[in-house]
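The residues making up each chain are set out below.
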Amino acid sequence: MTAPGIDTQVVVVGAGPVGLMLAGELRLGGAGVTVLEQLAAPTTESRASTLHARTMEILEQRGLAHELGDAPNGGPGHFGGIPLDLTLPGPYPGQWKVPQARTEDLLAGWATGLGAELRRGHRVVGIADRGDHVEVEVEAATPPPAGGGPTSRRLRAQYVVGCDGEESTVRRLAGFPFPGEDATKELLRADIAGIDVPDRRFERHPRGLAIASRGPTGITRVMAHGYGTPARPRTEAPSFEEVARLWADITGEDISGGTPVWLNAFGNARRQVSRYRLGRVLLAGDAAHRQMPVGGQALNLGLQDAVNLGWKLAAHLRGTGPLDSYHAERHPVGRRVLGNIAAQALLLLGGQDVEELRSVFRRLVGLPEARAHLAGMISGLDVRYDMAGGGEGEHPLLGARLPAYRLRTPAGPAGTLGLLRSGRGVLLDLGGDPALAAAARRWADGRVTHVRAETEPGFQGPEFGAALVRPDGHLAWIDGTPADLDAALRRWFGAPDPGTGTPAPRHRA
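Note that the coordinates shown come from a computational prediction; the quantities given were computed from them, not determined experimentally. (Residues numbered from 1 in each chain as written. Predicted model: local features only at pLDDT ≥ 70, side-chain atom pairs only at ≥ 80, totals over all residues. Heavy atoms only, no water.)

## Topic: the overall build of the chain
Point 1. Along its length, the chain carries eleven helices and 27 strands.
Point 2. Computed over C-alpha atoms, the radius of gyration of the chain comes to 24 Å, within 12% of the 23 Å expected from 2.2 N^0.38 for 509 residues, which places it in the range of a compact globule.
Point 3. Taking the principal axes of its C-alpha atoms as reference, the chain extends roughly 75 × 65 × 40 Å.
Point 4. Burial analysis of the chain (509 residues in total) assigns 54% to the buried set. (Helix = DSSP H or I, 4+ residues; strand = E, 2+ residues; numbered from the N terminus. Rg over C-alpha atoms; globule rule 2.2 N^0.38 Å. Buried < 20%, exposed > 50% of the residue type's maximum accessible area, 1.4 Å probe, protein only.)

Here it is in structure tokens:
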């Protein structure tokens, strides 16, 4: 329900993967959402094409992973250009290659199918937090012809979320502090048609780094860095001539006869906002953190920001959500990812001075424990939130994501990830405890679903008897006391319904 005088509950700025993921999550939680995007049509550029295991699990949670069809496995990952096996136990081991344009198309269809409004060709030029709402000034990205009516209008929303990338307009207009470091080194990148060069995976030449990969459409993506070359201040993409010149200097190959499809430069900048929320304005994805896009971590980090925020903001608008936990949980995750990317940039873009360090890392990634640690960090599978008081003896899975198990429920066989399809919390009961069913009924107004289940014969079962699962798939309580369960339900889902399943919504302005 939208308050009087409010055009929409949430304005999401940016219709990239992060903004569209957030829009869908908000709609699952019952919030009204309008997405503003300055581009008049979806981009065909596939800047980020890697989805990691945790992101694939999230898509499975929402019933979307199968829509990608037989997405090709991306093969081995890397850490700073050093090969790294990202395989860990789970339904989606490794990494998966999905063009960003396909990811955006999938999420746009899902979000709008749930009722999100997507307005293209709208540029945000002003944001004013009025205390009880936010005013967003919007103008047409393409001005109308003379006499065609007003060029700008205002939208009133209860909250605004900037998902508009590393040059975020929302971040700038709302005044978010953005501390960190500017780029000192850079890579030039180009998608080129009509060239024939060998595929290169992080080839280190005497004068620089060269990467080349030919896609199924015949377009080759090349990336190049000249050792010792500082990053240049840029207000626009590099020219194709600059890219071809650097490529020839490093490899000796002439690619100047090709046709550039897309060009850009990216560096080892490292910045993160001090707070992910200022009043009624929040940030997610690259709007909140800038990092070198190594191995797809930037896109996956942003999608996971959106899934953490969406259910909380929607619940907050109903008067039941732990919105402040968004910053508390995601800021440390972002800081950690920026740290590992900075380490990778040192290994990847350094010249002969880092060869001994690279040699040490090659030996380290051959150790099973070290490999698994790095793979968990890059894939997002090792993210664990603080759920203090959420279980007896602090179960090792407490705060981690719910692993994929095969179960048998009264409705038939089910996977644990599929239990989260509705975007509600789940109280998973493997022991048939009547007290759990009674507890769940107090939140059975659309917030928490009680699921009685047992392990599917022939499959490994969960390492617990009962667990409370948040809508984002993280475990908030495991095998604890009834008092612990009550506290966890209140912490994450608000006060119980005073009735016994009769909805009693409390909408927040």
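## Focus: helix 10 (residues 434–441)
Point 1. What helix 10 keeps buried is the set L436, A439 and A440. Along the axis of helix 10, the buried positions cluster into a sector of 95°, meaning they face one direction only.
Point 2. Those residues of helix 10 that are buried are in contact with strand 23 (425–429), strand 24 (448–452), strand 26 (466–469), strand 27 (475–478) and helix 11 (482–493).
Point 3. Its side-chain oxygen 2.9 Å from the backbone nitrogen of A435, D433 forms the N-cap of helix 10. (Arc of directions from axis to C-beta. Contact = heavy atoms within 4.5 Å. Polar contact = N/O pair within 3.5 Å; in protein donor to acceptor, adjacent residues only side chain to side chain.)

## A look at the sheet that holds strand 14 (residues 208–214)
By definition, the strands of a sheet pair up through backbone hydrogen bonds, in either a parallel or an antiparallel sense.
Point 1. Taken in spatial order, the five strands of this open sheet run 13-14-15-12-16, and their pairing is antiparallel. Edge positions in the sheet fall to strand 13 (200–205) and strand 16 (259–267), since each has one partner strand and no second. Each adjacent strand pair in this sheet contributes to an overall mean axis angle of 15°, direction not counted.
Point 2. Inspection of the sheet shows strand 14 paired to strand 15 (residues 220–226) by seven bridges, in the antiparallel sense. Paired with A212 across the bridge in strand 15 is V222.
Point 3. Contacts between helix 5 (residues 240–251) and the sheet are confined to strand 12 (186–193), strand 13, strand 14, strand 15 and strand 16, with strand 15 contributing the most and set at about 70° to the helix. (Pairing = 2+ DSSP bridges. Axes fitted to C-alpha atoms, helices over the stretch in contact; angles between N-to-C directions.)

## Digging into the packing of helix 1 (residues 17–28) against helix 6 (residues 297–317)
Point 1. Taken N-terminus to C-terminus, the directions of helix 1 and helix 6 make an angle of 25°; their axes are 8 Å apart at the nearest point. Judged by the angle between their axes, helix 1 and helix 6 are roughly parallel. Along this stretch, helix 1 crosses helix 6, giving a crossing that reads as right-handed. Where helix 1 approaches helix 6, its residues P17, V18, M21, L22, E25 and L26 are matched on the opposing element by L299, G302, L303, A306, V307, L309, G310, L313 and A314.
Point 2. Residue composition of the contact of helix 1 with helix 6, grouped by class: twelve nonpolar, two polar and one charged. (Parallel < 35°, antiparallel > 145°, perpendicular 65-115°, else oblique. Left-handed = near helix turned anticlockwise from the far one by under 90°. Nonpolar A, V, L, I, M, F, W, Y, C, P; charged D, E, K, R; others polar.)

## Details of the pattern of salt bridges
Between side chains of opposite charge, a pair can form as their charged atoms come close.
Point 1. Across all of its chains, the model carries 31 salt bridges by this definition.
Point 2. A salt bridge links E253 to R200; the shortest N-O distance between them is 2.7 Å. Residue E253 is located in the loop between helix 5 and strand 16, and its partner R200 is located in strand 13; the two are separated by 53 residues in the primary sequence. R200 matches E253 in its accessibility class, with the two residues each being buried.
Point 3. K312 is the partner of E329 in a salt bridge, and the nearest nitrogen-oxygen pair spans 2.7 Å. Of the two residues, E329 is situated in helix 7 (residues 325–349) and K312 in helix 6; the sequence distance between them amounts to 17 residues.
Point 4. For K312, a relative accessible area of 0% corresponds to the buried category.
Point 5. Here the salt bridges do not stand alone but share partners, grouping R130, E135, E137, R154 and R156 into one network. (Salt bridge = Lys/Arg side-chain N within 4 Å of Asp/Glu carboxyl O.)

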